[in-house]
Amino acid sequence: MTHALVLINLGSPASPKVGDVRRYLDQFLMDPYVVDLPWPLRRLLVSLILIRRPAQSAHAYESIWWDEGSPLIVLSRRLQERMRLQWSQGPVELAMRYGEPSIESVLLRLAEQGITTLTLAPLYPQFADSTTTTAIEEARRVVARHDLKFEVNVLQPFYDQPEYLGALVDSARPHLQQPFDHLLLSFHGLPERHIRKLVKEPGHDLRATDSHGVSDEVLARCYRSQCLRTAELFAERAGLHPGQWSVSFQSRLGKDKWIEPYTETRLDELATQGVKRLLVMCPAFVADCIETLEEIGDRGREQFMAAGGEELVLVPCLNDHPRWVTSLAQLCRRNVQPL
């Protein structure tokens with residue numbers, strides 16, 4: 001019983017209080033994989049953001065906070081408990097890249113327990129430096145700093161894996177079986193420059209409407225193409241017809257150019273095109289959080305209805321859906337590579 005599984009997600013403030021939100025945002029935004037500027041410029045920019053943003057974000061967190069705590073943490077804990085029934089090789093732990101429980105505290109605790117083998121599972125279906133890479137690099141830092149004697153495997157991005165896609169379809173099926181006019185698959189956004197740093201091919205089109213023709217080499221590094229591929233494979237499995245669904249990207253921050261089309265724009269467009277009952281899924285997130293519950297479920301719904309829509313239904317994330325639990329366990333055994 002020496003092979004531990006560590007589930008890694010983004011994290012959450014300790015509470016919706018302004019001070020806790022400020023500390024969380026400072027740690028998050030000062031990550032060079034998130035705001036990829038030289039340290040002095042990053043520190044200046046983040047300091048300016050922290051003047052007003054914590055109070056605004058605290059209000060948003062307060063609106064979706066549960067009695068048990070942060071929805072992201074609560075749902076991740078539920079997934080952890082269910083995964084313990086699927087992972088007989090050793091303990092199943094939960095770590096957050098920002099906030100608590102930190103990756104460092106979890107790895108140190110496992111080392112104290114005599115664990116020798118780990119599987120790290122960043123819970124991000126699509127690859128991006130600001131999610132997958134920073135989690136892995138933090139684990140590397142902790143292992144090196146404390147000279148931990150682990151054999152480590154890492155769950156690879158699973159945006160096109162049948163286990164993940166099957167779980168998505170199963171979790172969404174009750175909503176897809178109800179009448180609806182359109183399904184919007186809203187993925188988390190990313191600055192275009194984050195992709196351009198990784199994808200050097202000058203002909204790679206960040207305005208493409210599908211992932212057809214993208215080489216395997218580019219697909220492995222392009223977050224936007226992976227999102228499109230996820231959507232295409234999901235739609236095929238779910239039996240959706242072209243025109244029934246579309247893709248957008250949410251959660252922009254700052255004035256840089258982010259990948260398009262923007263979710264805010266699509267909500268208005270769909271309403272003006274006559275869509276009355278809109279379903280929205282967020283396949284880049286495996287657990288509901290502020291970006292799904294508040295950004296889409298509250299603000300997005302208000303925007304869509306103000307533009308002429310009648311109903312926006314937020315399809316829950318995978319959370320602790322039984323099919324997702326068994327699928328994740330299968331992925332963690334099969335879709336891994338050494339650290």
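As shown above, the structure is provided for reference.
Remember, predicted model here, so these are calculated numbers, not experimental data. (Residues numbered from 1 in each chain as written. Predicted model: local features only at pLDDT ≥ 70, side-chain atom pairs only at ≥ 80, totals over all residues. Heavy atoms only, no water.)

Q: Whenever I open this one, the nonpolar core confuses me. Can you help?
A: Across soluble globular proteins, you tend to see nonpolar side chains buried next to one another. Ranked by size, the top nonpolar core spans 96 residues in total, and within it Leu 7, Tyr 223, Phe 234 and Trp 324 carry the most contacts. The two domains that each donate at least three residues to this core are domain 1 (3-158 + 322-338) and domain 2 (162-314). Contacts of Tyr 223, omitting those with residues within four sequence positions, involve Gln 126, Phe 127, Ala 128, Phe 187, His 188, Leu 190, Ile 195, Phe 249, Ile 259 and Ala 284. (Core = buried A, V, L, I, M, F, W, Y, C linked by side-chain atoms within 4.5 Å. Buried < 20%, exposed > 50% of the residue type's maximum accessible area, 1.4 Å probe, protein only. Domains from an automatic or database assignment. Contact = heavy atoms within 4.5 Å.)

Q: Hey, could you run me through helix α13 (residues 322-334) in this one?
A: Residues that lie three or four places apart on an α-helix share one face, since the helix turns once every 3.6 residues. Taking 1.5 Å per residue, 13 residues should reach 18 Å; α13 reaches 19 Å between its end C-alpha atoms and fits that length. Of the positions making up α13, those classed as buried are Trp 324, Val 325, Ser 327, Leu 328, Ala 329, Leu 331 and Cys 332. Taken together, the buried residues of α13 touch β1 (3-11), α3 (71-84), β3 (117-122), β4 (151-155), α6 (162-176) and β9 (336-338). (Helix = DSSP H or I, 4+ residues; strand = E, 2+ residues; numbered from the N terminus. Expected span 1.5 Å × (residues − 1).)

Q: Would you mind going over the side chain of Thr 230 with me for this structure?
A: Mapped onto the secondary structure, Thr 230 falls in helix α9 (residues 223-238). Other than its neighbours up to four places away in sequence, Thr 230 contacts Gln 126, Tyr 159, Tyr 164, Leu 165, Leu 168, Phe 187 and Pro 283.

Q: Where do I start with the packing of helix α4 (residues 103-112) against helix α5 (residues 129-145) in this structure?
A: For any two helices packed against each other, the geometry comes down to the angle between their axes and how far apart the axes lie. Direction vectors running N to C along α4 and α5 enclose 45°, while the axes themselves pass 10 Å from each other. Considering their axes alone, α4 and α5 lie oblique with respect to each other. The chirality of how α4 crosses α5 is right-handed. Every residue of α5 that contacts α4 at Ile 103, Glu 104 and Leu 107 is listed here: Ala 135, Glu 138, Ala 139, Arg 141, Val 142, Val 143 and Arg 145. Considering only residue class, the contact of α4 with α5 consists of six nonpolar, no polar and four charged. (Axes fitted to C-alpha atoms, helices over the stretch in contact; angles between N-to-C directions. Parallel < 35°, antiparallel > 145°, perpendicular 65-115°, else oblique. Left-handed = near helix turned anticlockwise from the far one by under 90°. Nonpolar A, V, L, I, M, F, W, Y, C, P; charged D, E, K, R; others polar.)

Q: Hey, could you run me through the packing of aromatic side chains in this one?
A: The geometry of two aromatic rings is summed up by the distance between their centres and the angle between their planes. Evaluated as defined, the whole model comprises seven aromatic pairs. For the pair Phe 158 and Trp 324, a centre-to-centre distance of 5.8 Å together with 35° between the ring planes defines the contact as tilted. With Phe 158 in the loop between β4 and α6 and Trp 324 in helix α13, this pair connects stretches of sequence that are 166 residues apart. Taken as a pair, Phe 158 and Trp 324 share a single burial class, namely buried. Through pairs of rings, three or more aromatic residues link up here, namely Tyr 24, Phe 28 and Tyr 98. Directly above the ring of Tyr 262 sits Arg 252, whose terminal nitrogen or CZ lies 3.6 Å from the centroid. (Phe/Tyr/Trp six-rings, centres within 6.5 Å; stacked < 30°, edge-to-face > 60°. Lys NZ or Arg CZ within 6 Å of the ring centre and 35° of its normal.)

Q: Which parts of the structure should I look at to understand the sheet that holds strand β5 (residues 182-188)?
A: Neighbouring strands of a sheet are bound in pairs by backbone hydrogen bonds; such pairs are parallel or else antiparallel. Strand order in the open sheet formed by four strands is β6-β5-β7-β8, and the pairing between neighbours is parallel. Looking at strand neighbours, the two that pair on one side only are β6 (245-250) and β8 (311-314), the edges of this open sheet. Within this sheet the neighbouring strands show an average axis-to-axis angle of 30°, counted without direction. Here β5 pairs with strand β7 (residues 277-281) via four bridges, running parallel. Residue pairing across strands places Leu 184 opposite Val 280, the latter belonging to β7. (Pairing = 2+ DSSP bridges.)

Q: What is the right way to look at the sheet that holds β4 in this model?
A: Taken together, five strands build an open sheet; the order of strands is β2-β1-β3-β4-β9 and the sheet is mixed. Where the open sheet ends on each side, the last strands, each with one partner, are β2 (92-98) and β9. The average undirected angle you get between the axes of adjacent strands in this sheet is 30°. Bridge count for β4 against β9 is three bridges, and the pairing is antiparallel.

Q: I'm lost on the pairing of β3 in this one. Help?
A: Among the six residues in β3, six count as buried, and that is most of the element. Note that β1 and β3 share six bridges and pair parallel. Directly across from Ala 4, in β3, lies its bridge partner Leu 118. The sheet contact formed by β3 and β4 spans four bridges and is parallel. When the sheet's bridge partners are listed, Thr 119 is paired in β4 with Asn 153. You can see the chain leave β3, run along α5 and come back into β4, and the turn it takes is right-handed. (Right-handed = clockwise from strand over helix to strand, strands pointing away.)

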